[in-house]
Amino acid sequence: EPEVTQTPSHQVTQMGQEVILRCVPISNHLYFYWYRQILGQKVEFLVSFYNNEISEKSEIFDDQFSVERPDGSNFTLKIRSTKLEDSAMYFCASSETPTSTVYFGPGTRLTVL
Amino acid sequence: AQSVTQLGSHVSVSEGALVLLRCNYSSSVPPYLFWYVQYPNQGLQLLLKYTTGATLVKGINGFEAEFKKSETSFHLTKPSAHMSDAAEYFCAVGGGSNYKLTFGKGTLLTVNP
């Protein structure tokens, strides 16, 4: 069964450093998403992406965050200058349409020291 | 705006007992409703979803949920718990013209032998 993959599974970085989280969505999907889950809290929507542009973003997704689809298969989330509060599990997800099933990847655990 | 309330952050049942995980939602548009399961150190796996049509939805692993519009509920049930059902369960709502899912805080299900 096709699945969303994410790399790395765990990333440790120093505060103020840039990180790039990588995802490979399911190949025939057109809508891509990033969500995050701070330890012990709910899963929160960050951003959705379609046709090479952001469709919707949350208030969490400020200027420190950016997304990109650099080629036909990858989808990345960049955090320019990480803060301690960015420590969380980041989930990439994809779907065929906005209302079809959203499939989630296994997540990247980001730890900011 | 949409929101989800999951009653009970932790539910404990005996193996073979009924599982009931509660979810209430708020939505200004016809909702799409989902239950996801998260096993330790893994991503979010879709259990079942309701979009339109039949209000009783059957999912994987013997779970089902019933959409009750009058009660704004989408409770998850399973007649007989198995040890392998121990995980965290998230209810989510989507719908309308936005692209995001809004999650509840999750319910941790433990199954006692």
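Residues numbered from 1 in each chain as written. Chains lettered and ligands numbered in written order. Predicted model: local features only at pLDDT ≥ 70, side-chain atom pairs only at ≥ 80, totals over all residues. Heavy atoms only, no water.

**Quick look at the nonpolar core**
So, step 1. Ranked by internal contacts, the top residues of the largest apolar core, which has 27 residues, are B:Trp35, B:Leu48, B:Leu76 and B:Tyr89.
So, step 2. Of all the secondary-structure elements, those providing two or more residues to this core are strand E2 (10-14), strand E3 (19-27), strand E4 (32-38), strand E5 (44-50), strand E7 (64-68), strand E8 (73-78), strand E9 (87-94) and strand E11 (107-112) of chain B.
So, step 3. Beyond its immediate sequence surroundings of up to four residues, B:Leu48 is in contact with B:Leu33, B:Phe34, B:Trp35, B:Val57, B:Lys58, B:Gly59, B:Phe63, B:Glu64, B:Ala65, B:Phe74 and B:Leu76.
So, step 4. By size, the runner-up hydrophobic cluster in this structure holds 23 residues, among which are A:Ile26, A:Phe49, A:Phe75 and A:Tyr90. (Core = buried A, V, L, I, M, F, W, Y, C linked by side-chain atoms within 4.5 Å. Buried < 20%, exposed > 50% of the residue type's maximum accessible area, 1.4 Å probe, protein only. Helix = DSSP H or I, 4+ residues; strand = E, 2+ residues; numbered from the N terminus. Contact = heavy atoms within 4.5 Å.)

**A short note on empty space enclosed by the protein**
So, step 1. Throughout the structure, instances matching the rule amount to one cavity of 30 Å³ or more.
So, step 2. Estimated volume of the largest cavity: approximately 70 Å³.
So, step 3. A:Pro98, A:Thr99, B:Gly94, B:Gly95 and B:Leu101 are the residues nearest the centre of the largest cavity, which is lined by 13 residues in total.
So, step 4. Split into classes, the residues belonging to the lining of the largest cavity amount to six nonpolar, six polar and one charged. (1 Å grid on protein atoms, 1.4 Å probe; cavity = no way out; pocket = protein on both sides within 12 Å on 5 of 7 lines; lining within 4 Å. Points joined across faces, edges and corners; volume = space filled by probe spheres on them. Nonpolar A, V, L, I, M, F, W, Y, C, P; charged D, E, K, R; others polar.)

**Side note on the state of the cysteines**
By definition, a disulfide is the covalent link that joins the sulfur atoms of two cysteine residues.
So, step 1. A complete count under the given rule lists two disulfides over all chains for this structure.
So, step 2. Linked covalently through their sulfurs, A:Cys23 and A:Cys92 form a disulfide whose S-S length is 1.9 Å. The S-S bond linking A:Cys23 to A:Cys92 shows a torsion near -65°; that makes this disulfide left-handed. Pair noted here: A:Cys23 is in strand E3 (residues 19-24) and A:Cys92 is in strand E9 (residues 88-95), with a separation of 69 residues, a long-range link. Comparing A:Cys23 with A:Cys92, the two get one shared label, buried.
So, step 3. B:Cys23 shares a disulfide with B:Cys91; S-S distance 1.9 Å. With the S-S bond torsion at -60°, the cross-link from B:Cys23 to B:Cys91 turns out left-handed. (Disulfide = S-S within 2.5 Å.)

By themselves, these observations are geometric and do not establish any function.
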